[in-house]
Amino acid sequence: MTDQAPVVIIGSGLAGYTLAREIRKRDASQPLMMITADDGASYSKPMLSTGFTKGKTADELVQADAGAMAEQLNMEIRTHTRVTGIDPGAHNVLIGDERLHYRQLVLAWGADVIRLPDAVSGSLAVSSINDLEDYRRFRQRLGGHRRVILLGAGLIGCEYANDLRNGGYDVTVVAPSEQVMPGLLPEVAASAVQAALEAEGVTFHLGVAAEAVREEGEAVQVHLNDGAMLQGDVVVSAVGLRPRTRLAADASLAVNQGILTDRLMATSVPDVYALGDCAEVEGHVLMYVMPLMASARALAATLTGEPTPVQWGAMPVVVKTPCCPVAVVPPELTEDGVWEAEREGNNVRAVYRSGTGALLGFALTGDRVIEKQALAREVPPVLTPSVAR
């Protein structure tokens, strides 16, 4: 019975659809089923932070609906269907009382937004944008309003700040960190990005946190922990994502920060795999497009009979802040490592070298991003078939 069952993919995001496409390149007839809690529309999630710059509504970001994708990929897609459990011993996915049998199961259900305390996130004025439906609701909520307060100065917060300014909105960014994109950029590169965003008209309140959001008529008040109060119309929480692990843990899969997998993307139980933002591959949780694409190609080979460990080279993260482009390979910091930086205006070339002079990572901004491929060739891979960095 298992051999006749489909490969079931839970999740219709970039990970799920990329995997389905890669499987179809290798096997046109293998039964495939996708289960998704939303409408199954195919779209590029990274484009959610470019919608205002490009003048795209939520509908205009859709590349194909679920029906078209099902036909294109010869795959059954169950939309608006929420998985309630997994029974690995029986090779079953649970949807309430219904049981669906799988040959192999792929968890590609992504990550959840990190929720701030209820005094902030509990307000109806606060939006989070993690998928196309969130984006649609956010644009509806904006309506004719102009003042947006962004909570979070990480990669997503900076991308949204730039995008919303390009759309003509007044943007204020609040974050407890002392710099933008902490943990991703060294201070010199972060300073360049912040300066470029400020030149575009973005206002920053760093080193402080929102402790309460209150609606006052048509306006919104954001109360900060230093006693200050900001007035806006709409608040966006962009403080980061956390891999979805609860259903996996309930099914006795090993989880840590994400769902633990080996380099075949296999979890701790037979015939169950994890892919994309929910996966922790040999200790690495990389919520970026390039590792996702490499993982999908490798997993498709494995699922079609050619076990293929994923390989991750040095994959530059490209930040969509057109006022100051960014490309970064964040290094694993060492005791004897040091940043070496050159800066001219907002153009920064920062390289991180070990005590022996080996290049372990870099951060480039502005005009210097053209060097990303050359530098990436010098950085050690994240994962090879046999050796982890």
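Residue numbers here run from 1 along each chain, matching the order of that chain's written sequence. Residue-level local features of this predicted model are given only where pLDDT is at least 70; pairs of side-chain atoms are given and counted only at 80 or more, and the full residue set underlies all totals for whole chains, interfaces and linings. Heavy atoms from the whole structure form the basis of all side-chain values; hydrogens and water molecules are not counted.

Visitor: Please explain helix H1 (residues 14-26) as it appears in this structure.
Guide: Each α-helix turn comprises 3.6 residues. Residues three or four places apart therefore point the same way. Secondary structure elements follow DSSP: runs of H or I no shorter than four residues count as helices, runs of E no shorter than two count as strands, and numbering proceeds from the N terminus. In this scheme, a helix's expected span is set at 1.5 Å multiplied by one less than its residue total. With 13 residues, H1 extends 19 Å from end C-alpha to end C-alpha; this agrees with the ideal 18 Å at 1.5 Å per step. Along H1, the positions that sit buried rather than exposed are Ala15, Gly16, Tyr17, Thr18, Leu19, Ala20, Glu22, Ile23 and Arg24. Buried means the residue's accessible area, taken with a 1.4 Å probe over protein chains only, is under 20% of the maximum for its type, while exposed means over 50%, and partly exposed covers the values in between.

Visitor: How do you make sense of the layout of surface pockets when you look at a structure like this?
Guide: In this approach, a probe sized like a water molecule rolls over the atoms, and the result shows the empty space that is left. Its volume calculated, the second largest pocket comes out at about 220 Å³. Taken together, Val113, Ser123, Leu124, Val126, Ser127, Ser128, Asp134, Arg137, Phe138 and Arg141 make up the full set of residues lining the second largest pocket. The set of elements that each furnish at least two residues to the lining of the second largest pocket consists of strand E11 (126-127) and helix H6 (132-142). Space inside and on the surface of the protein is sampled on a 1 Å grid over the protein atoms alone, with a cavity defined as a set of points where a 1.4 Å probe fits but cannot get out and a pocket as an open set with protein on both sides within 12 Å along at least 5 of 7 lines; lining residues have an atom within 4 Å of a point. Grid points are joined across faces, edges and corners, and a volume is the space filled by probe spheres set on the points.

Visitor: Would you mind showing me how to read the packing of aromatic side chains here?
Guide: Each pair of aromatic rings is reported with the distance of its centres and the angle of its planes. Here a Phe, Tyr or Trp ring, Trp counted by its six-membered ring, pairs with any other such ring whose centre lies within 6.5 Å, and the pair is stacked when the planes are under 30 degrees apart, edge-to-face when over 60, and tilted otherwise. Within this structure, the stated rule accounts for 4 aromatic pairs. Each ring, one from Phe52 and one from Tyr135, has its centre 6.1 Å from the other, and the planes form 65 degrees; the classification is edge-to-face. Of the two residues, Phe52 sits in helix H2 (residues 51-54) while Tyr135 sits in helix H6, which places them 83 residues apart along the sequence. Assessed through its relative accessible area of 9%, Phe52 is described here as buried. On the basis of relative accessible area, Tyr135 is assigned to the buried category, the value being 0%.

Visitor: Looking at this model, I keep getting lost on the side chain of Gln30. Mind explaining?
Guide: Position of Gln30 among the secondary structure elements: in the loop between H1 and strand E2 (32-35). Accessibility expressed as a relative area gives 8% for Gln30, which makes it buried. Throughout, a residue-residue contact means that at least one pair of heavy atoms, one from each residue, lies within 4.5 Å. Beyond its immediate stretch of four places on either side in the chain, Gln30 contacts Ala5, Pro6, Val7, Arg24 and Arg103.

Visitor: Looking at this model, I keep getting lost on the sheet that holds strand E12 (residues 147-151). Mind explaining?
Guide: Each strand in a sheet pairs with another by means of backbone hydrogen bonds, the pair being arranged parallel or else antiparallel. A pair of strands is treated as paired once DSSP finds two or more bridges between them. Strand order across the open sheet formed by 5 strands is E11-E18-E12-E13-E14, with parallel pairing between neighbours. Each having just a single partner strand, E11 and strand E14 (203-206) make up the two edges of the open sheet. Taken together, the 4 bridges between E12 and strand E18 (residues 234-237) define a ladder with parallel strand orientation. Across the sheet, the residue bridging to Val148 is Val234, located in E18. Fitted lines through C-alpha atoms give the axes, limited to the stretch in contact for helices. The angle between two N-to-C directions lies from 0 to 180 degrees. Contacts from H6 reach E11, E12 and E18, with the element oriented near 160 degrees to E18.

Visitor: Got a minute to help me understand the nonpolar core in this structure?
Guide: In summary, soluble globular proteins display a tendency toward joint burial of nonpolar side chains. By nonpolar core we mean a set of buried residues, namely Ala, Val, Leu, Ile, Met, Phe, Trp, Tyr and Cys, connected to one another through side-chain atoms within 4.5 Å. Counting 58 residues, the largest nonpolar core has Leu19, Val93, Leu105, Val106, Leu107 and Trp109 as its most contacted members. It is helix H10 (residues 289-303) that contributes the most residues to this core, 7 residues altogether. Not counting the four nearest positions on each side in its chain, Trp109 is found in contact with Ile10, Gly11, Ile86, Arg244, Leu247, Ala248, Ile259 and Cys278. Met181, Ala190, Ala196 and Cys324 belong to the second-largest nonpolar core, a separate cluster that totals 44 residues.

Visitor: How should I be thinking about the side chain of Asn130 in this particular structure?
Guide: Position of Asn130 relative to the elements: it lies in the loop between E11 and H6. The class of Asn130 is buried, set by a relative accessible area of 8%. Each polar contact in these results corresponds to two N or O atoms within 3.5 Å; when the atoms are within protein, one needs to be able to donate a hydrogen and the other to accept it, and residues that are neighboring in sequence are counted only if both atoms are side-chain atoms. Within polar-contact distance, the side chain of Asn130 engages the side chain of Lys45 at 2.7 Å. One polar contact links the side chain of Asn130 to the main-chain carbonyl oxygen of Ala111, over a distance of 2.8 Å. Setting aside residues up to four positions removed in sequence, Asn130 forms contacts with Lys45, Leu48, Ala111, Asp112, Val113, Leu241 and Arg244.

Visitor: Quick question: what am I supposed to make of empty space enclosed by the protein here?
Guide: Under the definition given, this model contains 2 cavities of 30 Å³ or more. A volume near 70 Å³ is recorded for the largest cavity. Taken together, Met265, Leu275, Gly276, Ala279, Val281, His284, Val285, Leu286, Pro291, Leu292, Ser295 and Trp312 form the lining of the largest cavity. Of all the elements in the fold, those that place two or more residues in the lining of the largest cavity are strand E22 (279-281) and H10. When residues of the lining of the largest cavity are assigned to their parent elements, the largest contribution, 3 residues, is made by H10. Throughout, the ten residues Ala, Val, Leu, Ile, Met, Phe, Trp, Tyr, Cys and Pro are labelled nonpolar, Asp, Glu, Lys and Arg are labelled charged, and all others, Gly among them, are labelled polar. Among the residues making up the lining of the largest cavity, the classes are represented as 9 nonpolar, 3 polar and no charged. In this structure, the second largest cavity occupies an estimated 60 Å³ of space. Along its surface, the second largest cavity is lined by Ser12, Asp38, Asp39, Gly40, Ala41, Tyr43, Asp131, Leu132, Glu133 and Arg136. Take the lining of the second largest cavity: its biggest share by element is 3 residues, from H6.

Visitor: Hey, could you run me through the environment of Leu164 in this one?
Guide: In this structure, Leu164 sits in helix H7 (residues 155-166). The class of Leu164 is buried, set by a relative accessible area of 1%. On a C-alpha basis, the gap between Leu164 and Arg146 in space is 9.6 Å, while along the polypeptide they are 18 residues apart.

Visitor: Explain the pattern of salt bridges to me, please; I cannot follow it from the model alone.
Guide: Salt bridges are defined as contacts in which a side-chain nitrogen from Lys or Arg sits within 4 Å of a carboxyl oxygen from Asp or Glu. Under the criterion given, the structure shown has 18 salt bridges. Between Asp59 and Arg136 there is a salt bridge, and its shortest N-O distance comes to 2.5 Å. One end of the pair, Asp59, is in helix H3 (residues 58-61); the other, Arg136, is in helix H6, with 77 residues separating them in the sequence. The partner of Arg353 in a salt bridge is Glu340, and the shortest N-O contact between them spans 3.5 Å. One end of the pair, Arg353, is in strand E26 (residues 347-353); the other, Glu340, is in strand E25 (residues 338-344), with 13 residues separating them in the sequence. Taking relative accessible area as the criterion, Glu340 reaches 38% and is therefore assigned partly exposed. Taken together, the shared-partner salt bridges connect Glu342, Arg349, Arg368 and Glu371 into one network.

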